[in-house]
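Residues per chain, in single letters:
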Amino acid sequence: LREYEKEARGRLRATVDATERRPGRSCASCRLAPSCPELLPVPGLLGVEDVTRPRRTVSVTDLRRHDKCPAQEHLRRLRLPRRPGIEYGSRAVQRGNAVHKLLEELHARTPHRPCTLADVPDPQGWGAGEWHLPGIEAERGAQMMARHVAVCPLKYADLSMPLSTEPVLAFNDPASDTVVIAAPDLLYWDDGGRVYRETKTTGYIADRSGKDVLEVYPQAALAVVLLAEGALGGDPARSRVELEILRPTGPDL
């Protein structure tokens, strides 16, 4: 009870009394969603015309999970408990999450400034948020952070304009009665255009898929459509999608 009074009561009251609209996954069950001024309509975003099903949300992560195993995606939507050791047990997944979390923290600093070699963590062992890396994974993660310095997006961002790290974006596609969720790693301005940045990590020194980049990373494909539709503001002719692939041997941008 003491902890509740100290930590939770004020936040709960602020949430209950809040009037700000924040589009997200809860829009699927909100009766005001079709007319909400904060939920931007992008007709035909998914390329699907079917309004016979109840309104739902979908993200690229949902679709990739469904492509891998429809049952897994169904069970996740039921919010059944899952084991973190299975969900995040891979060393590569843990390393990627640690790098992403550290980049999020660095890019959110105020005043905003580009990453430097002074921001590279100790290769002997480091962590960010809930992710802690030992041994070889700490070394590989530190190498990736060092490689990121050369292509840090804040070198090119208009730092006088707002930037968002890991924002949750929601768009209404009335053609499919679906709320589409996107979560770029970084969203910033450059010369009047919006820049949608996705960062991926890999231990491979070169691409092994042989596939088109938009097929391998459908988040980038969604970002292209959103920018082309002007859904993120800015001048579409000056906007771009950036895909940063961090490898221990160097970055691909």
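Here the structure is shown first, and the text comes after it.
To keep things clear, this report deals only with the structure shown in the data block.

Structural notes on the side chain of Glu198
Moving on, step 1. Mapped onto the elements of the fold, Glu198 is located in strand 9 (residues 193–201).
Moving on, step 2. Excluding residues within four positions of it along the chain, Glu198 makes contact with Ala183, Pro184, Asp185, Gln219, Glu242, Leu243 and Glu244.

Description of the nonpolar core
Across soluble globular proteins, you tend to see nonpolar side chains buried next to one another.
Moving on, step 1. Ranked by internal contacts, the top residues of the largest apolar core, which has 22 residues, are Val99, Leu102, Trp126, Met145, Leu154 and Tyr188.
Moving on, step 2. Those residues in contact with Leu102, other than ones at most four positions away along the chain, are Asp119, Pro121, Trp126, Ala128 and Met145.
Moving on, step 3. Of all hydrophobic cores here, the second largest spans 16 residues; its members include Tyr196, Ala223, Leu226 and Leu232.

Describing the sheet that holds strand 9
Moving on, step 1. In spatial order, the strands read 5-8-9-10-11; together these 5 strands make up an open sheet with mixed pairing. Of all the strands in the sheet, just strand 5 (164–165) and strand 11 (250–252) have a single pairing partner and so form its edges.
Moving on, step 2. Across 7 bridges, the pairing between strand 9 and strand 10 (residues 240–247) is parallel. Pairing of Glu198 across the sheet is with Leu243, part of strand 10.
Moving on, step 3. Strands strand 5, strand 8 (186–190), strand 9 and strand 10 of the sheet are contacted by helix 5 (residues 91–107), whose axis makes an angle of about 145 degrees with strand 9.

So, helix 2 (residues 60–68)
Moving on, step 1. Buried residues of helix 2: Val60, Asp62 and Arg65, and no others.
Moving on, step 2. On the buried face of helix 2, the contacting elements are strand 2 (56–59), helix 3 (70–77), strand 7 (178–182) and helix 8 (218–228).

What about the side chain of Ser239?
Moving on, step 1. Structurally, the position occupied by Ser239 is in the loop between helix 8 and strand 10.
Moving on, step 2. In this structure Ser239 comes out as buried when scored by relative accessible area, which is 14%.
Moving on, step 3. Polar contacts involving the side chain of Ser239 include one to the main-chain carbonyl oxygen of Asp235, which spans 2.8 Å.
Moving on, step 4. Here Ser239 is in contact with Gly193, Arg194, Leu227 and Gly233, once residues within four sequence places are set aside.

Reading guide: rules and limits
- Per-chain numbering applies: the sequence of each chain, read as written, is numbered from 1 onward.
- Whole-chain, interface and lining totals are the exception, using all residues; otherwise, since this is a predicted model, local features are given only for residues with pLDDT of at least 70 and side-chain atom pairs are given and counted only at 80 or more.
- Processing note: side-chain calculations cover all non-hydrogen atoms of the structure and skip hydrogens and water entirely.
- Numbering of helices and strands starts at the N terminus; helices are DSSP runs of H or I of at least 4 residues and strands are runs of E of at least 2.
- Contact definition: two residues touch when any of their heavy atoms are within 4.5 Å.
- Joining through side-chain atoms within 4.5 Å is the link that ties buried Ala, Val, Leu, Ile, Met, Phe, Trp, Tyr and Cys residues into a set, and such a set is a nonpolar core.
- Only protein chains enter the calculation, and the probe is 1.4 Å; a residue is then buried if its accessible area is under 20% of its type maximum, exposed if over 50%, and partly exposed in between.
- Pairs of strands are assigned from DSSP output, requiring at least two bridges between the strands.
- Lines fitted to the C-alpha atoms define the axes, with helices restricted to the stretch that makes contact. Angles between their N-to-C directions range from 0 to 180 degrees.
- What qualifies as a polar contact is a pair of N or O atoms within 3.5 Å, subject to a donor-acceptor requirement within protein and to the restriction that residues adjacent in sequence count only when both atoms come from side chains.

Interpretation note: all reported values are geometric properties and have no functional meaning in isolation.
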